Amino acid sequence: MIYRLIRPILFCLDAERAHNLAISTAGFIGNRPRLTRFVRRLGRTVDRPKEVAGLHFPNVVGLAGGMDKNAAAPAAWWSFGFGFVELGTVTPQPQPGNDKPRMFREPKNDAIINRMGFNNDGAFVVRARLTTQQRLGLRPPIPLGVSVGKNKNTPVEEAARDYRVAAEAVAKVADFLSINVSSPNTAGLRSLQSAGTVAHLVSEVRAVAGGKPIFVKLAPELDAQELESVLEGCVSAGAAGIIATNTLAVGQDDGRPQGGLSGRPLREIARSRVASIRRFCGDRMAIIGCGGIDDVDSAQTMLDAGADLIQLYTGLVYKGPFLPARISRDLAHSI
Ligand SMILES: Cc1cc2nc3c(=O)[nH]c(=O)nc-3n(C[C@H](O)[C@H](O)[C@H](O)COP(=O)(O)O)c2cc1C
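Everything in this summary refers to the structure shown in the same document.

Cut-offs applied
- Residues numbered from 1 in each chain as written.
- Predicted model: local features only at pLDDT ≥ 70, side-chain atom pairs only at ≥ 80, totals over all residues.
- Heavy atoms only, no water.
- Helix = DSSP H or I, 4+ residues; strand = E, 2+ residues; numbered from the N terminus.
- Rg over C-alpha atoms; globule rule 2.2 N^0.38 Å.
- Buried < 20%, exposed > 50% of the residue type's maximum accessible area, 1.4 Å probe, protein only.
- Areas by Shrake-Rupley, 256 points an atom, 1.4 Å probe, with all protein chains shown as cover.
- Pairing = 2+ DSSP bridges.
- Axes fitted to C-alpha atoms, helices over the stretch in contact; angles between N-to-C directions.
- Contact = heavy atoms within 4.5 Å.
- Patch = residues over 30% accessible without salt bridge, like charges linked within 9 Å, V, L, I, M, F, W, Y side chains within 5 Å.
- Salt bridge = Lys/Arg side-chain N within 4 Å of Asp/Glu carboxyl O.
- Expected span 1.5 Å × (residues − 1).
- Core = buried A, V, L, I, M, F, W, Y, C linked by side-chain atoms within 4.5 Å.
- Right-handed = clockwise from strand over helix to strand, strands pointing away.
- Near = heavy atom within 4 Å.
- Polar contact = N/O pair within 3.5 Å; in protein donor to acceptor, adjacent residues only side chain to side chain.
- Nonpolar A, V, L, I, M, F, W, Y, C, P; charged D, E, K, R; others polar.
- Parallel < 35°, antiparallel > 145°, perpendicular 65-115°, else oblique.

On a plain count of helices and strands, the chain comes out with twelve helices and 14 strands. Since a compact globule built from 335 residues should have a radius of gyration of about 20 Å, the 18 Å found for the chain is in line with a globular shape. The C-alpha extent of the chain, read off along each of the three principal axes, is 50 × 50 × 40 Å. Out of the 335 residues belonging to the chain, those deemed buried represent 59%. Here the chain has roughly 14000 Å² of accessible surface; of this, 53% comes from carbon and sulfur atoms.

Quick look at the structure:
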């Protein structure tokens with residue numbers, strides 16, 4: 001309700017500026033435990049715990065990668081109702097990302113197009129931040145995952161080293177790790193989505209993960225054959241699960257800005273990928289469904305397709321920070 005009043009003001013700002021304001025506000029809340037608990041009560045989250053990949057999730061609604069790339073506000077996400085958070089994507093070295101503007105709203109479709117390009121503070125700074133939060137008692141009681149990627153300047157042939165270095169940096173402070181081979185905004189990244197390469201990346205990350213579960217995040221564009229082959233690679237190398245999906249590449253000849261499309265237009269394709277993955281993997285893999293979830297119906301549809309957990313990002317922009325709390329309540333009441 002309140003967000004409906006605030007949103008037009010936020011939407012007067014450039015999309016990335018509004019995002020930065022949201023992150024600063026979340027950081028302000030997350031660094032003040034009494035305020036964090038107050039906000040948590042306001043949201044009236046209803047937890048329905050679930051065990052997935054050996055981890056305990058208070059509820060199934062997670063924050064998707066890319067919103068809090070630098071671990072600015074983990075406790076705030078818990079206060080808004082999230083049952084888990086994926087931080088990052090982080091790379092070994094800090095990097096500025098692509099030139100601005102690089103984030104665009106498409107309000108008629110409740111969608112966003114971004115070409116951020118892994119702007120982040122680097123895995124070592126993020127590790128330090130998470131360590132400090134832990135020491136100060138600011139770590140929320142939900143699983144925190146960290147997504148890892150490769151630096152822009154690292155040749156694709158040497159990508160495995162970047163994934164390993166970033167994973168090693170954050171493994172001790174993360175509850176799970178995710179391997180991002182599916183951003184459309186880092187040249188060559190998606191070419192890592194082949195059975196052999198993915199298996200190699202998973203093995204490299206596993207070697208330094210200290211037993212933490214590893215998820216692989218895939219692109220929505222993979223056709224059935226490509227998907228099955230990548231899944232074989234993930235299963236054989238011992239990944240715990242799949243995150244489906246990342247954004248859809250747009251902007252070649254459709255009049256849209258170039259980048260990755262998220263939000264409602266991604267919903268059906270992400271759902272169908274989750275269904276295919278579940279059909280192919282059975283219960284060999286945990287699945288996190290992600291793409292266009294912004295209410296209880298889209299959340300339930302994703303769970304019905306075979307997802308164990310769900311994530312969202314763009315829905316927050318259009319529906320406000322208490323969306324996860326609302327979905328958690330509505331899911332609990334729809335049982
Ligand atoms: C601005 C923006 C930045 C993103 N950055 C990342 C990222 O760094 N790593 C990642 O795995 N996914 C990233 N994503 C993709 C989201 O995690 C998610 O897969 C996608 O947006 C679909 O979910 P949604 O429709 O709920 O937004 C980003 C999405 C947006 C909108």
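Our next topic: the sheet that holds strand S10 (residues 241-244). Strand order in this closed barrel of eight strands is S3-S4-S7-S8-S9-S10-S13-S14, and the pairing throughout is parallel. Strand-to-strand, the axes of this sheet are offset by a mean angle of 25 degrees, without reference to chain direction. Both strand S3 (residues 61-63) and strand S4 (residues 84-90) contribute to a ladder of two bridges, which runs parallel. Pairing of Gly62 across the sheet is with Phe84, part of S4. Each of S4, strand S7 (144-148) and strand S8 (176-180) is contacted by helix H6 (residues 159-170), which is oriented at about 160 degrees to S7, the strand it contacts most. With respect to the sheet, helix H7 (residues 195-208) is in contact with S8 and strand S9 (214-218), its orientation differing from that of S9 by roughly 145 degrees.

Taken together, Ile2, Leu5 and Ile6 make up a surface patch of nonpolar side chains, about 320 Å² in accessible area. Tracing the backbone shows Leu5 in helix H1 (residues 2-10). What makes Leu5 exposed here is its relative accessible area of 61%.

Before going further, it helps to spend a moment on helix H5 (residues 123-135). Relative to the 18 Å expected for 13 residues at 1.5 Å per residue, H5 spans 18 Å between its end C-alpha atoms, a close match to the ideal helical length. Packing partners of the buried residues in H5 comprise helix H4 (74-79), S4, S7 and H6.

With that settled, the discussion passes to the pattern of salt bridges. Applying the stated rule across the entire model yields 14 salt bridges. Here Arg102 ties to Glu16 by a salt bridge, and the two come within 2.8 Å at their closest N and O atoms. Taken as a pair, Arg102 in the loop between S4 and strand S5 (103-106) and Glu16 in helix H2 (residues 15-30) lie far apart in primary sequence, 86 residues in all. Per residue, the accessibility class of Arg102 equals that of Glu16, and both read buried.

The next thing to look at is the nonpolar core. Core analysis: the largest hydrophobic core is formed by 99 residues, its most contacted members being Trp77, Tyr163, Val170, Leu177, Val216, Leu218 and Ile242. Of all the elements, H6 adds the most residues to this core, at seven residues. In this view, Val216 contacts Ile179, Val181, Val198, Val202, Cys234, Ala239, Gly241, Ile242 and Ile243; residues no more than four positions away in its chain are not counted. Membership of the second largest hydrophobic core comes to seven residues, among which are Phe104, Ala111, Ile113 and Leu261.

What follows concerns the pairing of S4. Every other side chain in a regular strand lies on the same face of the sheet, so the side chains alternate between the two faces. Burial analysis of S4 places seven of its seven residues in the buried class, the great majority of the element. In terms of handedness, the path from S3 via H4 over to S4 forms a crossover that is right-handed. Direction of pairing for S4 relative to S7: parallel, over a ladder of four bridges. Bridge pairing in S7 places Val85 opposite Leu144.

Turning our eyes to something else, we now look at the site of the ligand. Around the ligand, the surrounding shell holds 23 residues, and the nearest of these are Gly65, Thr89, Lys217, Gly292 and Thr314. The backbone of Thr245 places a nitrogen or oxygen atom 3.0 Å from an oxygen atom of the ligand. Between the ligand and Thr314, the relevant distance is 2.6 Å, taken from an oxygen atom to a side-chain nitrogen or oxygen of the residue. Expressed as a share of its isolated accessible area of 610 Å², the protein-covered part of the ligand is 98%. At the level of secondary structure, the elements contributing two or more residues to the shell around the ligand comprise S4, strand S6 (111-114) and strand S12 (259-263). For the shell around the ligand, a count of residues per class yields seven nonpolar, 14 polar and two charged.

Viewed as axis vectors pointing N to C, helix H9 (residues 267-281) and helix H10 (residues 296-304) meet at an angle of 25 degrees, and their least axial separation amounts to 8 Å. In terms of their interaxial angle, H9 and H10 are classed as roughly parallel. Contacts between H9 and H10 involve Arg267, Ala270, Arg271 and Val274 from the former and Ser298, Thr301 and Met302 from the latter.

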